[in-house]
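Read off the chains here:
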Amino acid sequence: MLAYLIRRILVNIPLLIGITFIVFMLASMMPGDAVLAMISTDTPVSDEMIKMRRGELGLDLPLPVQYLRWMSNVVRGNLGYSFVSAESVSQMIAIRIPATLELMGVSLLISIVLGVTLGAISALKQYSFTDYSFTIFGFVGISIPDFFLGLILVFIFAIKLGWFPTSGFQTAGQEFSVFDNLRHVFLPALALALVRTAVFMRYTRSSILEVLGNDYVRTARAKGLKETIVIVRHIMRNGLIPVITIIGISLGVLFAGSVIIETIFQWPGIGMMFINAVTGRDSPVIMGYVLLTAVIVLVANLVTDIVYSVADPRIRYE
Amino acid sequence: MSQLLQIKNLKVTFRSDGALIRAVNGISYSVDEGESIAIVGESGSGKSVGVMALMGLIPNPPGKIESGEVFFKGRDLLKASSAELRAIRGKEIAMVFQDPMTSLNPVLPVGLQLTEAIQAHMGLDKDQARERAIKMLALTGLPNPEQRIKDFPFQFSGGQRQRIMIAMALVCTPDLLIADEPTTALDVTIQAQIVELMRELQSELGMAIIWISHNLGLVAGVVTRVIVMYSGFIVEQAPVDDLYERPLHPYTLGLLHAVPHVDVNSQNRLASIEGMPPDLRKPISGCPFAPRCPYRIEKCAELPPLFDAGDGRQSACWRWQELQTATTFGETL
Ligand SMILES: Nc1ncnc2c1ncn2[C@@H]1O[C@H](COP(=O)(O)OP(=O)(O)O)[C@@H](O)[C@H]1O
Ligand SMILES: [Mg+2]
């Protein structure tokens, strides 16, 4: 297992290099650069100044050289410094990542609990009114873009009803409290959770339906077990194994999806940092974000494999 | 010996794609305490459905028990509440299924699959249940049960898995064991071992057994009485030796010719009865076997009752008396 994990990590290194290289090239092809983005039209700056500033940032070097400079720093644990604020990129990420992880975590929790429960109920009551209602909810959930849902939620629950704040991480000017923070995270987390709730629900439903017809479920009933034991130990235990993979895959998507939601809700996570970096053509920050995303997806896949092998004894990674 | 199970006029249907499938068409039979009987017939003749119904294991929908009574120790199981049924399942009536590969839960250790049955019925604590599970596994001849109890089904061979299934069924010492083709999915050599094991376990534990098979030859040595089913009907019932000596139904005759003989190569099982069983979706008016029957007469357009032929024998053939007195099968008919 350990050998397998190490091998998996090594295999992913070329992948990381490839991804970051492509993104580096794409980022450099965006019109304008960090220096132009910093200039406001009100105060004209001479071409010489611009050239000098570009030289300072290394923007006048050929692209492959720029990439190699970035890469050699990364290998030494240095993600570089923001062109805009001169802050250390690792520092910027470290400050913002807890907020993003909180948003992701709460959202994931909502979608797993809701999705698996609704999916299981749907399957156990196949073709009932409940089942049909959940299925319709699932279709709606999958078709509404999360930023749009976010706006609707803000309109109803924050502006009309006033139950939740419209944006931010905590109430300004107040001392930090967990309750206040949870009230702030709820709407963005919910907006982010809906799509995945629907996806998890559909997978749970079909996977449990498949398990229901199995001989070992009949065996469990023939043994005279209580229906709750049959459902939890024999049906759910087997039916949820494939759902683990779907949850694992969705982690990366969730991380990327949080960019827009963070911006809408002014959530001070790394998604918002990324949007600002793109606007400011701040390539060290862009690259830091991309590298982090790639690593998170990689780690999520590894964790999924491990959890899967724990859940299904037939799977052993060599 | 006193009666353990009595089934009266059991009818089971399934609804599928708008059609009504008559899987079991009013069967009646009984089983005494400690007795072992066989139910034989081609696949699709309603053997499994008939016994599932008495365990309350027919999925509804699509299945429906149309009518009948199932008395077990004097109680009608078809009227029992689901809690009462649950208390009987596994404890008083247990089942071994055809395919040990799919009948065990693949992701749970086999030990747990035994102890959960024990704990559901016997009020033993974890250690006692474990002890009992190990003892039962040892009794079925599984090597090393103390260690292997932690293993998962995929770590056992097919024959071992069926031993585990048998141990699981017998772990609460039921009064009735229903074995639904327990050897069909196994290799020929393993089949004989499992049959032998069941015979030994029965003489040791004394339970009654309903042995379902599509192979008359396999069960001949282990049962005292045979019930022959065809398209949801009982067509013949007789003590095993009488049935072999003188079948009173042409279908049984066909089955006997189809029993694989001692030579291992003969694969001519039931294929030797020509034609196909009737479509269960169509209402049956006459004798269900008539279209395939070489002894068919006009009378067969009428559904024959199950005649009492004396000596504990029954036959659902209009010509059973002729079959009884004929000197050679087929000759005088
Ligand atoms: N769940 C089900 N849905 C629809 N039809 C079924 C179902 N189970 C059994 N049947 C039908 O009942 C008939 C008898 O099946 P079964 O008792 O399994 O036969 P046997 O055990 O003798 O091979 C078959 O024709 C089969 O199509
Ligand atoms: Mg069957």
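Rules and cut-offs
Residues numbered from 1 in each chain as written. Chains lettered and ligands numbered in written order. Predicted model: local features only at pLDDT ≥ 70, side-chain atom pairs only at ≥ 80, totals over all residues. Heavy atoms only, no water. Helix = DSSP H or I, 4+ residues; strand = E, 2+ residues; numbered from the N terminus. Buried < 20%, exposed > 50% of the residue type's maximum accessible area, 1.4 Å probe, protein only. Contact = heavy atoms within 4.5 Å. Areas by Shrake-Rupley, 256 points an atom, 1.4 Å probe, with all protein chains shown as cover. Pairing = 2+ DSSP bridges. Core = buried A, V, L, I, M, F, W, Y, C linked by side-chain atoms within 4.5 Å. Patch = residues over 30% accessible without salt bridge, like charges linked within 9 Å, V, L, I, M, F, W, Y side chains within 5 Å. Salt bridge = Lys/Arg side-chain N within 4 Å of Asp/Glu carboxyl O. Expected span 1.5 Å × (residues − 1). Axes fitted to C-alpha atoms, helices over the stretch in contact; angles between N-to-C directions. Near = heavy atom within 4 Å. Polar contact = N/O pair within 3.5 Å; in protein donor to acceptor, adjacent residues only side chain to side chain. Phe/Tyr/Trp six-rings, centres within 6.5 Å; stacked < 30°, edge-to-face > 60°.

Visitor: I'd like a rundown of the overall build of chain B, residues and numbers included.
Guide: Of the regular secondary structure elements, chain B holds twelve helices and twelve strands. For chain B, the residues scored as buried account for 53% of the 333 residues in total. Across chain B, contacts joining residues at least 24 apart in sequence account for 65% of those joining residues at least 6 apart. Per element, the accessible surface of chain B, about 14600 Å² overall, is 51% carbon and sulfur.

Visitor: Run through the overall build of chain A, naming residues and quoting values.
Guide: Across its full length, chain A holds 13 helices and zero strands. Secondary structure of chain A in N-to-C order comes out as α-α-α-α-α-α-α-α-α-α-α-α-α. The dimensions of chain A, computed from C-alpha atoms along their principal axes, are 85 × 55 × 35 Å. With 318 residues in all, chain A has 43% of them scored as buried. Of all intrachain contacts in chain A linking residues separated by at least 6 positions in sequence, the fraction that spans at least 24 positions is 72%.

Visitor: Tell me what's going on with the pairing of strand β2 (residues 19–32) of chain B, and back it up with residues and numbers.
Guide: Residue and element names in this part refer to chain B. Taken together, the eleven bridges between strand β1 (residues 3–16) and β2 define a ladder with antiparallel strand orientation. Among the inter-strand pairings, Lys 11 is bridged to a residue of β2, identified as Asn 25. Linkage of β1 to β2, two consecutive antiparallel strands, is achieved through a turn of two residues, within which Asp 17 is found at a positive phi near 50°.

Visitor: Outline the nonpolar core, supporting the account with residue identities and numerical values.
Guide: One finds Tyr29(B), Leu54(B), Ile178(B) and Ile210(B) to be the most contacted residues of the largest nonpolar core, which totals 100 residues. Of the residues forming this core, the biggest block, seven residues, is contributed by helix α7 (residues 158–170) of chain B. Apart from residues lying up to four places away in sequence, Ile178(B) is in contact with Val51(B), Leu54(B), Met55(B), Ile93(B), Ala94(B), Met95(B), Val96(B), Ile210(B) and Ile212(B). Listed in part, the 61 residues of the second largest apolar core include Leu79(A), Met104(A), Ile208(A) and Ile296(A).

Visitor: How would you explain a nonpolar patch on the surface if you had to name every residue and give the values?
Guide: Residues and elements named next belong to chain A. A cluster of nonpolar residues, Phe 147, Phe 148, Leu 151, Ile 152, Phe 155, Ile 156, Ile 159, Leu 161, Trp 163 and Ile 260, forms a patch on the protein surface that exposes about 930 Å² of accessible area. Per-element accounting of the nonpolar patch gives the leading share, seven residues, to helix α7 (residues 146–160). Structurally, the position occupied by Ile 156 is in helix α7.

Visitor: Break down helix α5 (residues 126–139) of chain B for me, citing the residues and quoting the values.
Guide: For an α-helix the count is 3.6 residues per turn, leaving residues at separations of three or four pointing the same way. Residues and elements named next belong to chain B. If you check α5, its first and last C-alpha atoms are 20 Å apart, about what 14 residues at 1.5 Å a residue would give, namely 20 Å. Those residues of α5 hidden inside the fold are in contact with α4 (110–121), α6 (145–148), α7 and α8 (188–205). Note on α5: the residue one or two positions beyond its end, Gly 141, has a positive phi of about 85°.

Visitor: Before we move on, can you summarise the sheet that holds strand β3 (residues 36–40) of chain B with the specific residues and values?
Guide: All names here are of chain B. Spatially, eight strands are ordered β6-β7-β8-β3-β9-β10-β12-β11 in an open sheet, and the strand pairing comes out mixed. Of all strands in the sheet, those bounded by a partner on one side alone are β6 (93–96) and β11 (307–310). Between one strand axis and the next, the sheet turns by 20° as a mean value, whatever way the strands run. Where strand β7 (residues 176–180) lies against strand β8 (residues 208–213), five bridges are found, and the strand directions are parallel. Residue pairing across strands places Ala 179 opposite Trp 211, the latter belonging to β8. Packed on one face of the sheet, α8 meets β3, β7 and β8 and runs near 165° to β8.

Visitor: So what's going on with the site of ligand 1? Which residues, and what values?
Guide: Residues and elements named next belong to chain B. Surrounding ligand 1, one finds 13 residues, the nearest of these being Gly 44, Gly 46, Lys 47, Ser 48 and Val 49. At a separation of 3.1 Å, an oxygen atom of ligand 1 approaches a polar backbone atom of Ser 45. For ligand 1, an oxygen atom lies 2.8 Å from a polar atom in the backbone of Val 49. Protein chains shield 68% of the accessible area of ligand 1, which is 560 Å² for the free molecule. Those elements that provide at least two residues to the shell around ligand 1 are β2 and α1 (47–55). Counting residues per element, the shell around ligand 1 draws most heavily on α1, which supplies three residues.

Visitor: Outline the interface of chain A and chain B, supporting the account with residue identities and numerical values.
Guide: Counting residues at the interface gives 21 residues for chain A, matched by 25 residues for chain B. Between the two partners, chain A and chain B, sit two salt bridges. Measuring nitrogen to oxygen at the nearest pair gives 2.5 Å for the salt bridge that ties Glu116(B) to Arg233(A). Seen at the junction of chain A and chain B, the total is twelve residue pairs in polar contact (both at pLDDT 80 or more).

Visitor: Provide a residue-level description of the packing of aromatic side chains, including the pertinent values.
Guide: Residues and elements named next belong to chain A. Considering all chains together, one arrives at 15 aromatic pairs over all chains under this definition. Geometrically, the ring pair formed by Phe 157 and Trp 163 is tilted, given 5.8 Å between the ring centres and 40° between the ring planes. Look at Trp 163 and you get partly exposed, because its relative accessible area is 48%. Ring geometry for Phe 169 against Trp 267: centres 4.9 Å apart, planes inclined by 55°, an arrangement best described as tilted. Within this pair, whereas Phe 169 is found in the loop between α7 and α8 (178–212), its partner Trp 267 is found in the loop between α11 (241–264) and α12 (270–279), the two being separated by 98 residues in sequence. We classify Phe 169 as partly exposed; its relative accessible area is 22%. Owing to a relative accessible area of 0%, Trp 267 belongs among the buried residues under this scheme. Ring-pair connections join several aromatic residues into one group, and the members of that group are Phe 21, Phe 24, Tyr 67 and Trp 70.

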